[in-house]
Amino acid sequence: HQRHRGIILIVIAHYQRLMIEKPAEAHRFHFAVASEYMAMNDLAQAMVEFSELLKVTGSHTLIPQIYFNMGGMSYVEGKASEALEWYDKLLAKYPKDPFAIEAKFYKARVFNETGRQDDALVILREIEPQYSNKAAVTALREWIEAKLKDGHDPKALPAGVNPLN
């Protein structure tokens, strides 16, 4: 783990040098830096890097992915309302972006985990036909429906539904 972290820090330093050497492409390298911090599970620093990047990118094509990543990190940190805010921002500003459907799936998961199963089911039924991993959507939808029918707490995820996928 420490060796892996060391390698990632070397990669980050390389990207930071490229940000200076190639200012026209700095946003791409800055995004890579933030992504490396995410890979290292340093979510606090990744959030800082993505937030800084949002301040300077304007209307860059990376913004939907940044919003999605910010929502995902908030989700992993247990900040449900913050995650929903990021997903809603992505959906409002970039409804046709490929990350929008991913945001909907995660929004449904947040709804489920915060006791809003009916809202989760609405989203899951909407995205199920076109979602790239239909099996994951179907598994979660069926899980929630079965648990609601049985009167059990459906917040726990079914086997095979990873919170990071």
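Relevant structure appears above.
Along every chain, residues carry numbers that run from 1 in the direction the sequence is written. Local features are withheld for residues below a pLDDT of 70 in this predicted model, meaning they are given only at 70 or higher, and side-chain atom pairs are given and counted only at 80 or more; totals for whole chains, interfaces and linings count all residues. Excluding hydrogens and water, the side-chain values take into account all heavy atoms of the structure.

**Topic: the pattern of salt bridges**
The term salt bridge refers to a side-chain nitrogen of Lys or Arg lying within 4 Å of a carboxyl oxygen of Asp or Glu. For the structure on display, the rule yields 9 salt bridges. The shortest N-O distance in the salt bridge between Glu 52 and Lys 55 comes to 3.0 Å. With a gap of 3 residues between them, Glu 52 and Lys 55 both fall in helix H3 (residues 43-57), about one helical turn apart. With a closest N to O distance of 2.5 Å, Asp 88 and Lys 107 form a salt bridge. With Asp 88 in helix H5 (residues 80-93) and Lys 107 in helix H6 (residues 98-113), this pair connects stretches of sequence that are 19 residues apart. One network of salt bridges, with partners in common, ties together Arg 125, Glu 128, Arg 141, Glu 142 and Glu 145. Only DSSP runs of H or I with at least four residues qualify as helices, and only runs of E with at least two residues qualify as strands; both kinds are numbered from the N terminus onward.

**Side note on the nonpolar core**
The tendency in soluble globular proteins is for nonpolar side chains to be buried side by side. Counting residues in each nonpolar core, the largest one holds 42 residues, and the members touching the most others are Tyr 87 and Phe 105. Breaking this core down by element, the ones donating at least two residues are helix H2 (26-39), H3, helix H4 (63-76), H5, H6, helix H7 (117-127) and helix H8 (134-150). The dominant element in this core, judged by the number of residues it contributes, is H6, at 8 residues. Side-chain atoms within 4.5 Å link the members of a nonpolar core, which is a set of buried Ala, Val, Leu, Ile, Met, Phe, Trp, Tyr and Cys residues. The classification of residues rests on relative accessible area computed with a 1.4 Å probe and restricted to protein chains. Under 20% of the type maximum is buried, over 50% is exposed, and intermediate values are partly exposed.

**As for the packing of aromatic side chains**
Aromatic contacts are taken between Phe, Tyr and Trp rings whose centres are within 6.5 Å, Trp giving its six-membered ring; a plane angle under 30 degrees counts as stacked, one over 60 as edge-to-face, and the others as tilted. Scanning the model with the defined rule gives 10 aromatic pairs in all. Charges are assigned to positions over rings by a cutoff of 6 Å between ring centre and Lys NZ or Arg CZ, combined with an angular limit of 35 degrees from the ring normal. Above the ring of Tyr 106, the side-chain terminus of Arg 109 is found at 5.6 Å from the ring centroid. In this structure, Lys 147 is placed above the aromatic ring of Trp 143, and the distance from its NZ or CZ to the ring centre is 4.7 Å.

**Some points on unusual backbone geometry**
Phi at Asn 41 is positive, roughly 65°, even though this residue is not glycine. For Asn 41, the position within the fold is in the loop between H2 and H3.

**Let's talk about H4**
An α-helical turn contains 3.6 residues, so a residue and the one three or four places further along point in the same direction. Take the residue count of a helix, subtract one, and multiply by 1.5 Å to get its expected span. With 14 residues, H4 extends 20 Å from end C-alpha to end C-alpha; this agrees with the ideal 20 Å at 1.5 Å per step. Most of H4 sits out of view: 12 of its 14 residues are buried. Those residues of H4 that fall on the buried side of the exposure criterion are Ile 63, Pro 64, Ile 66, Tyr 67, Phe 68, Asn 69, Met 70, Gly 71, Gly 72, Met 73, Ser 74 and Tyr 75. Gly 78 sits one or two positions beyond H4 and adopts a positive phi of about 80°.

**A look at the environment of Gln 16**
Take Gln 16: it is sitting in helix H1 (residues 2-21). Between the C-alpha atom of Gln 16 and that of His 30, which follows or precedes it by 14 residues, the distance is 7.2 Å.

**Regarding the environment of Arg 116**
Relative to the helices and strands, Arg 116 resides in the loop between H6 and H7. With a relative accessible area of 37%, Arg 116 lands in the partly exposed category. Setting aside residues up to four positions removed in sequence, Arg 116 forms contacts with Leu 84 and Phe 111. Of note is the side chain of Arg 116, whose polar atom sits 2.8 Å from the side chain of Asp 119. Working rule for contacts: check all heavy atoms of both residues, and any pair within 4.5 Å makes them a contact. Pairing of N or O atoms within 3.5 Å defines a polar contact, subject to two protein rules: one partner must be a possible hydrogen donor and the other a possible acceptor, and residues neighboring in sequence count only if both atoms are side-chain atoms.

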